[in-house]
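Residues per chain, in single letters:
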Amino acid sequence: MVARVIPVDPFDLVVFGATGDLARRKILPSLFRRFADGQMPPEARVIGAARSPLSPAEFRAHAAEALAEYLDGVPPDPASMAAFLERLDYVALDAGDAAGWQTLAGRLRDDVVQAHYFSVAPALFADLAAGLDRHGLNRPETRVVVEKPFGHDLGSARALNAMLAQHFDEGQVYRIDHYLGKETVQNLMAVRFANILFEPLWNARFVDHVQITVAETVGVDGRGSYYDDAGAMRDMVQNHLMQLLCLIAMEPPHRFDPDAVRDEKLKVIRALDPVQPGDIVRGQYGAGNGAKGFAEEVGNPGTRTESYVALKVGVSSWRWKGTPFYLRTGKRLRARASEIAVTFRDPPHSIFGEEAPWRANVLVIRLQPDEGMTLRVMIKEPGPGGMRLKDVALDMSFAEALGEGVHIPDAYERLIMDVIRGNQTLFMRGDEVEAAWAWTDPVIAGWSERGDRPHPYDPGSSGPEDALMLMHRDGRRWREIR
Ligand code: NAP
């Protein structure tokens, strides 16, 4: 099946931080794929900007290396690669310095979409915003893309929003949470709002509980000092898991339109109950299997930062009162797996008798690996031995269902094209981010006030024992991380 590709309007995309890790691993490969698919029109251009004194030709060589390394082992077609590299330009520029900006201004065209991707440390965002203003590069329709982390707490997120508001309208600002660009995450909205099947059951009367899991096998991966400062609560829960929860819990927006969708997500965040200290478990991986423990990896022997967190939270709304949401995420776990599992309640009465084995229906939406959906349903076990029941999976892998050769796009491919299209639906609005921090901050403050230490867990396990208890005491269990 060949996906229909609608080219976007011609654009100049400036990637500040174009020599950095994110640009190499995600931004440049994503742009290449969109180009190779015919979505980038011939007039589109990507202008790299960073302090390194590279010529445009040297930057193209750098980009070619990144593509060779990060296109998931699929060697780029040489003709497409050469044509793509021709679209690349480079300007050496220090965000806080006047030099370079005039050169950049001279390279931008007035008659195309202009977008500026801030793929640099957040400490440089203010310099970049001021630089764009000072050099006449901030037109009313100019767009800026802001990477995560968006603040460290409510105060810093407010300050960042206020800084951006001094320069840009909210309609110009694209705050990235790349989870929202994942195909399966968008599918969540399609499943909920394009099918009649689920909506009548999508509430506390029929849903027993929801589990959201983002499990990683990697450790802090060279980002030790950032991670020791952030921890799983800030790095994953406040943004990615929160966004997933919103998409599951939100009311149907009246249209698939940026503000209608974000208004509904915001209502969910505001309806989240405060997390009680007994409803959250933190963990920190120890050493094992030849790998260093968390404290050694981040170079801070006494660190109390969590590499794992599991929590239970309620949503105080008519739809969800009484259905707990269990969230967990961690590093160095048994497997890399991200999924949302909606577990339905048991039928009110079993006509097959009390002894018939019973399993609740579960709808599982897998974000990785093997993006897809599974619905567990009860059927009759085949054979003449009476009415024996069995639960089976109606399993759909998107890759299989959509046919051989369908490439499930990386989140950044979708998101960057949405910036060019001017569609903010899959980007976080300033008030959403602040509401998420307002809910997160007291949890983190509570840990430091109480002097809580994270529970140790073995690398390669499914997290600390206490996290299992969080579910067991409610008569429920986590799905296995496989
Ligand atoms: P990085 O590898 O450290 O790259 C930083 C980039 O900024 C480099 O291109 C660097 O190039 C440039 N730079 C540094 N100081 C500059 C200055 N004064 N003026 C202009 N350019 C400057 O960082 P990264 O990992 O790519 O991360 C970039 C952003 O994405 C950060 O906000 C990060 O939090 C976010 N992010 C990254 C990842 C990831 O997987 N890497 C994931 C999620 C979010 P020069 O040294 O040549 O100037």
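J.: It is not clear to me how the layout of surface pockets should be interpreted in this structure. Could you clarify?
T.: Gaps between atoms show up when a probe of the same size as a water molecule is rolled over them. The volume enclosed by the largest pocket comes to roughly 1,800 Å³. In terms of lining, the largest pocket is formed by 50 residues, of which the most central are Leu22, Arg25, Lys26, His178 and Tyr412. Looking at the lining of the largest pocket, the elements that each hand over two or more residues are helix H1 (21–36), helix H2 (56–70), helix H8 (224–249), strand E12 (362–368) and helix H12 (411–421). Looking at which element gives the most residues to the lining of the largest pocket, the answer is H1, with 8 residues. Across the lining of the largest pocket, the residue classes break down as 21 nonpolar, 10 polar and 19 charged. Each of two domains, domain 1 (11–147) and domain 2 (182–406 + 430–472), supplies a minimum of three residues to the lining of the largest pocket.

J.: Just checking my understanding: could you explain unusual backbone geometry for this structure?
T.: Only a minority of non-glycine residues have a phi that is not negative, and only a minority of peptide bonds are not trans. With omega at 5°, the peptide bond leading from lysine 148 into proline 149 counts as cis. Its location among the elements puts proline 149 in the loop between strand E5 (143–146) and helix H6 (154–167). The omega torsion of the bond from glutamine 368 to proline 369 falls at -10°, within 30 degrees of zero and hence cis. For proline 369, the location among the structural elements is in the loop between E12 and strand E13 (372–380). Positive phi is not limited to glycine here, since asparagine 289 has a value of about 50°. Secondary-structure assignment places asparagine 289 in the loop between strand E8 (280–285) and helix H10 (294–298). Positive phi, normally seen in glycine, also occurs at arginine 332, with a value near 50°.

J.: How do you make sense of the sheet that holds strand E1 (residues 11–16) when you look at a structure like this?
T.: In a beta sheet, neighbouring strands are held together by backbone hydrogen bonds and run either parallel or antiparallel to one another. Judged by pairing direction, the sheet is parallel, and its 6 strands sit side by side in the order E3-E2-E1-E4-E5-E6 without closing on themselves. Either end of the sheet is taken by a strand with one partner, and the two such strands are strand E3 (88–92) and strand E6 (173–175). Between one strand axis and the next, the sheet turns through 20° on average, direction left out of account. Bridge count between strand E2 (residues 45–50) and E3: 5 bridges; the pairing is parallel. Across the sheet, alanine 50 pairs through a bridge with alanine 92, a residue of E3. Most of the contacts of H1 go to E1, to which it runs at about 170°, and overall it touches E1, E2 and strand E4 (113–118). The strands touched by helix H5 (residues 125–134) are E1, E4 and E5; relative to E4, the strand with the most contacts, the crossing angle is about 155°.

J.: It is not clear to me how the packing of aromatic side chains should be interpreted in this structure. Could you clarify?
T.: For any two aromatic rings, the description comes down to two numbers: the centre-to-centre distance and the angle of the planes. Evaluation of the coordinates by the stated rule reveals 14 aromatic pairs. Note on phenylalanine 118 and phenylalanine 125: the rings are 5.9 Å apart at their centroids and 40° apart in plane angle, and the pair reads as tilted. Among the residues examined, phenylalanine 118 registers a relative accessible area of 0% and is labelled buried. The structure contains a cluster of three or more aromatic residues connected by ring pairs, namely Tyr227, Tyr285, Phe294, Tyr308 and Tyr457. When the ring centre of tyrosine 179 is taken as reference, the NZ or CZ atom of lysine 182 above it lies at 4.9 Å. The ring of tryptophan 447 carries the charged tip of arginine 282 above its face, separated from the ring centre by 4.3 Å.

Rules used throughout
- Residues numbered from 1 in each chain as written.
- Predicted model: local features only at pLDDT ≥ 70, side-chain atom pairs only at ≥ 80, totals over all residues.
- Heavy atoms only, no water.
- 1 Å grid on protein atoms, 1.4 Å probe; cavity = no way out; pocket = protein on both sides within 12 Å on 5 of 7 lines; lining within 4 Å.
- Points joined across faces, edges and corners; volume = space filled by probe spheres on them.
- Helix = DSSP H or I, 4+ residues; strand = E, 2+ residues; numbered from the N terminus.
- Nonpolar A, V, L, I, M, F, W, Y, C, P; charged D, E, K, R; others polar.
- Domains from an automatic or database assignment.
- Pairing = 2+ DSSP bridges.
- Axes fitted to C-alpha atoms, helices over the stretch in contact; angles between N-to-C directions.
- Contact = heavy atoms within 4.5 Å.
- Phe/Tyr/Trp six-rings, centres within 6.5 Å; stacked < 30°, edge-to-face > 60°.
- Buried < 20%, exposed > 50% of the residue type's maximum accessible area, 1.4 Å probe, protein only.
- Lys NZ or Arg CZ within 6 Å of the ring centre and 35° of its normal.

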